[in-house]
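Fold and geometry: a report
Single-letter residue listing:
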Amino acid sequence: MQPIRSDRHRWHRAIVGCALCLLATSTQALTVFACEPEWAALVRELAPHARVHTATHALQDPHHIEARPSLIAALRRADLAVCTGAELEAGWLPMLQQRAGNPRVHDRAEGMFFASDHVELIDPQPEGGGPFAGDVHAAGNPHIHLDPNRVREVAEALTRQLQALEPQQQQQYQQRWAAFDAQWQTRIAQWERKAAPLRGMKVAAQHSTFAYFWRWLHVDQVADLEPRPGMPPTPGHLQGLLTKLRSARPEAVVATTYQDGRSARWLASQLGSDTPALSLPATVTEGAPAPSLPALFDHLIEQLLAAHR
Ligand SMILES: [Zn+2]
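Described below are features of the structure shown in this document. The structure displayed is predicted, hence computed values, not measured ones. (Residues numbered from 1 in each chain as written. Predicted model: local features only at pLDDT ≥ 70, side-chain atom pairs only at ≥ 80, totals over all residues. Heavy atoms only, no water.)

1. Some remarks on the side chain of Gln97
Structurally, the position occupied by Gln97 is in helix H4 (residues 93–100). Overall, the relative accessible area of 9% leaves Gln97 in the buried class. Within the structure, the side chain of Gln97 is placed 3.0 Å from the backbone oxygen of Val105, a separation counted as a polar contact. The residues contacting Gln97, other than those within four sequence positions of it, are Leu75, Asn102, Val105, His106, Asp107 and Met112. (Helix = DSSP H or I, 4+ residues; strand = E, 2+ residues; numbered from the N terminus. Buried < 20%, exposed > 50% of the residue type's maximum accessible area, 1.4 Å probe, protein only. Polar contact = N/O pair within 3.5 Å; in protein donor to acceptor, adjacent residues only side chain to side chain. Contact = heavy atoms within 4.5 Å.)

Structure, rendered in structure tokens:
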């Protein structure tokens, strides 16, 4: 009879253990809504137990997203929403917040985190631009995630927010932040060493998406393919740029993977066969070439080094 009793005992233990593990999972599963892939990637670093829903992907323009029912449903379930702010999502997030009716993620609620609130923004446009002026970024350039130093500041602030939401895990969050920070600072130093030859490189680009990235690596954006911020390139504007750039040729013409690359390719081809048009991801991608935040910076630097004369 002994083996049967022992079996029973094992079963009992297994059932109790499983109930405990379910309890643990239900208390630990923080549900996070990330407006952009870069913040989803950061949340996964700092809160690996969280369930993360990413609202947009690298082939979508984060300034212009449709408030689809699936996004409303995802925001309704969220304990925490992590977005850029600085008006990047002004065209769609307020509508999602309103329709989701989830007080946890209303502006100024503990579960609503805007990354841009925690860093200094460049290039504010205090005069604004009116409703049809395009993506003017009156509060300053919101594309902060392309500066790894600002990512670090955001990560630190996000850790504090996560600790406030899950005080029972304060210590684990502190340890993960410390591990992330040590690794990230090592990476920043490596990137800066690798990208040193890019200092002074001249590029033309569509929109101010990479403004922080250029500034970090001392790359000079000498022209914007957009006639006004957020407005698609026009033939007249491109022709004007071509005249201007013939005497001061950029080494590459850059568009992001979510933009129509035809204008960049046209301008590059007119400038000469040795001027490449680069289509670069502006954020973490689902598969290759930039499936994580470090991979994104690796990829951007490699692409520019390859284009650098
Ligand atoms: Zn923008």
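Having put the structure on the table, let's press on.
2. Some remarks on the nonpolar core
Counting residues in hydrophobic clusters, the biggest one holds 60 residues, and the most contacted among them are Leu42, Leu158, Phe210, Phe213 and Trp214. Looking at which domains feed residues into this core, each of domain 1 (26–191) and domain 2 (195–307) supplies at least three. In this structure Trp214 touches Val203, Ala205, Val219, Gln221, Val254 and Leu304, once residues within four positions along its chain are discounted. Within the second largest apolar cluster, 19 residues are counted, among which are Ala55, Ala74, Cys83 and Val105. (Core = buried A, V, L, I, M, F, W, Y, C linked by side-chain atoms within 4.5 Å. Domains from an automatic or database assignment.)

3. Some words on the pattern of salt bridges
Counting across every chain of the model gives seven salt bridges. For the salt bridge of Arg150 with Asp147, the shortest nitrogen-to-oxygen distance reads 2.7 Å. A residue is classified by how much of its surface remains accessible, and Arg150, at 14% relative accessible area, is buried. Lys202 is the partner of Asp220 in a salt bridge, and the nearest nitrogen-oxygen pair spans 3.9 Å. Remark: Lys202 occurs in strand S5 (residues 202–205) and Asp220 occurs in strand S6 (residues 220–224); sequence separation between them is 18 residues. (Salt bridge = Lys/Arg side-chain N within 4 Å of Asp/Glu carboxyl O.)

4. A word on H4
Structural remark: α-helix, 3.6 residues per turn; residues separated by three or four positions point the same way. The complete set of buried residues in H4 reads Leu93, Leu96, Gln97 and Ala100. End-on, the buried residues of H4 take up no more than an arc of 100°, which puts them together on one face. Residues of H4 that are buried make contact with strand S1 (31–34), helix H3 (69–77), strand S3 (80–83) and strand S4 (112–114). Directly beyond the C-terminal end of H4, a positive phi value near 55° is found at Gly101. (Arc of directions from axis to C-beta.)

5. Some details on the pairing of strand S8 (residues 277–280)
The two faces of S8 differ: Leu278 and Leu280 on one face are buried, but Ala277 and Ser279 on the other face are not. The pairing of strand S7 (residues 252–256) with S8 spans four bridges and is parallel. Bridge assignment links Thr256 to a residue of S8, and that residue is Leu280. (Pairing = 2+ DSSP bridges.)

6. Points about the state of the cysteines
Considering all chains together, one arrives at one disulfide under this definition. Put simply, Cys35 and Cys83 are joined by a disulfide, and their sulfur atoms are 2.0 Å apart. A torsion of 55° about the S-S bond marks the disulfide between Cys35 and Cys83 as right-handed. Taken together, the residues Cys35 in the loop between S1 and helix H2 (37–46) and Cys83 in strand S3 connect sequence positions 48 residues apart. Relative accessible area serves as the criterion here: at 0%, Cys35 is assigned to the buried category. For Cys83, a relative accessible area of 0% corresponds to the buried category. (Disulfide = S-S within 2.5 Å.)

7. So, the coordination of the zinc ion
Of the protein atoms, only His63 (NE2), His137 (NE2), His143 (NE2) and His207 (NE2) coordinate the zinc ion, at distances of 2.0 to 2.1 Å. The motif formed by the donor residues of the zinc ion, counted along the single chain, is H-x73-H-x5-H-x63-H. Taken together, the positions of His143 in the loop between S4 and helix H5 (148–165) and His207 in the loop between S5 and helix H7 (211–217) put the pair 64 residues apart, joining distant regions of the chain. As far as the burial class goes, His143 and His207 line up, both buried. (Donors = N, O, S within 2.8 Å, 3.2 Å for Na, K, Ca; no water.)

Purely spatial values, then, with no claim about function.
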